[in-house]
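Reading the structure
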Amino acid sequence: MDRAGLADFLRRRRDALRPEDVGLPPGFRRRAPGLRREEVAQLAGMSTDYYSRLEQQRGAHPSEPIVASLARALRLKLDERDHLYHLADLTPPARRAGRHIGPGLLALADRLTDVPLVIATDIDEVLWQNALADTVLGHREPGAGRDSNITWRWFAVPGSRDRFPEEHWPTHSAAHVADLRATHARRAGDPDVVELVNDLLERSAEFRRLWERHEVAVRRHALKSIVHPEVGLLELTCEILFTPEEDLRVRAFLPVEGTDAREKLELLRVIGTQSFEQSNT
């Protein structure tokens, strides 16, 4: 691990960013034009003390999820992301079917604050979601692994379906399996896909039954009814956008016209902002 190189690269990338580049208000009384350490730490989902230690050439060897979070927080391009991994003595993820969100996509996502937005891999590992998605869908810890995987949680984690009407569960289950079947065929033999399918086959009888039907359908559009504990039923259209180079999927949950979903989303956005401000006072 190149501690000096890592510290220098993190500091220079932090100094090169402006608050508005990452969706933060510019604020006042900034002694330097770049981001503050605490702002990078917040964006990366880690403590300020941990991040500061990295810039000071101290602390533990950062893990792959930590480095991936830093790459997203600092809006690194793919070459810069790979360089960060090398400095941390880690192997960069593959360019395709990877977990890197490019700065252009993040800049776009930062501006879409009035609809729930989720960015995930092609096997449904959530990498990023905005504050409104946290409020509407429930918080998911971004990163690699089962805890962040939408399909795994749907079939294997009790309570993960609570915000969806029970009569819609069979439709959602079939859609999850048919979409994963398409990814499994397209990326035949890739360990992350094979392991996920094998684990689901072992864990869930419902998944096994649906997998045996061999239905294939890549999800691009879906109607979602979500029951929120504070505002009740939300009728949303889930539009799924694809990024071919990284195999990422952007889910945007738009209000269905003719329903009160738009007003309820705005209310939840205000409630979420107020909750965030109260938690930081």
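Structure report, in brief. Everything numeric here is computed off the predicted structure, so don't read it as measured data.

**Quick look at the overall build of the chain**
Helix and strand counts for the chain come out as 12 helices and 5 strands. Scaling as 2.2 N^0.38, a compact globule of 281 residues should have a C-alpha radius of gyration of about 19 Å, and the chain matches this with 20 Å. In terms of overall dimensions, the chain has C-alpha extents of about 55 × 45 × 30 Å along its principal axes. Per-residue burial over the chain gives 46% buried out of 281 residues. Of the contacts made within the chain by residues no fewer than 6 positions apart, 54% connect residues no fewer than 24 positions apart. Carbon and sulfur atoms make up 52% of the accessible area of the chain, which totals about 14300 Å².

**So, the packing of helix 4 (residues 64–73) against helix 5 (residues 78–87)**
At a minimum axis distance of 10 Å, the contact between helix 4 and helix 5 shows a crossing angle of 145°. Both helix 4 and helix 5 take part in a crossing whose hand is right-handed. Residues Glu64, Val67, Ala68, Leu70 and Ala71 of helix 4 touch helix 5, and the partners they reach there are Arg81, Leu84 and Tyr85.

**Quick notes on the sheet that holds strand 5 (residues 248–255)**
The strand order 2-1-5-4-3 describes an open sheet built from 5 strands, whose pairing is antiparallel. This sheet does not close on itself; its edge strands, each paired only once, are strand 2 (126–129) and strand 3 (221–228). Neighbour-to-neighbour, the strand axes of this sheet turn through a mean angle of 25°, independent of strand direction. Judged from the 8 bridges that link them, strand 4 (residues 232–243) and strand 5 form a sheet pairing that is antiparallel.

**Some remarks on the packing of aromatic side chains**
Given two aromatic rings, their pairing is described by the distance between the two centres and the angle made by the two planes. This model, assessed by the stated rule, comprises 3 aromatic pairs. Aromatic pair tryptophan 154 and phenylalanine 164: ring centres 5.6 Å apart, planes at 80°, arrangement edge-to-face. Here phenylalanine 164 lies in the loop between helix 8 (150–156) and helix 9 (169–186) and tryptophan 154 lies in helix 8, a separation of 10 residues in the sequence. With respect to class, tryptophan 154 is no different from phenylalanine 164; both count as buried.

**A look at the pairing of strand 5**
Across the 8 residues of strand 5, 7 count as buried, placing the element largely inside the fold. Bridge count between strand 1 (residues 117–121) and strand 5: 5 bridges; the pairing is antiparallel. Each bridged residue has a counterpart across the sheet, and for alanine 120 the counterpart in strand 5 is arginine 249.

Reading the values: the criteria
- Residues numbered from 1 in each chain as written.
- Predicted model: local features only at pLDDT ≥ 70, side-chain atom pairs only at ≥ 80, totals over all residues.
- Heavy atoms only, no water.
- Helix = DSSP H or I, 4+ residues; strand = E, 2+ residues; numbered from the N terminus.
- Rg over C-alpha atoms; globule rule 2.2 N^0.38 Å.
- Buried < 20%, exposed > 50% of the residue type's maximum accessible area, 1.4 Å probe, protein only.
- Contact = heavy atoms within 4.5 Å.
- Areas by Shrake-Rupley, 256 points an atom, 1.4 Å probe, with all protein chains shown as cover.
- Axes fitted to C-alpha atoms, helices over the stretch in contact; angles between N-to-C directions.
- Left-handed = near helix turned anticlockwise from the far one by under 90°.
- Pairing = 2+ DSSP bridges.
- Phe/Tyr/Trp six-rings, centres within 6.5 Å; stacked < 30°, edge-to-face > 60°.

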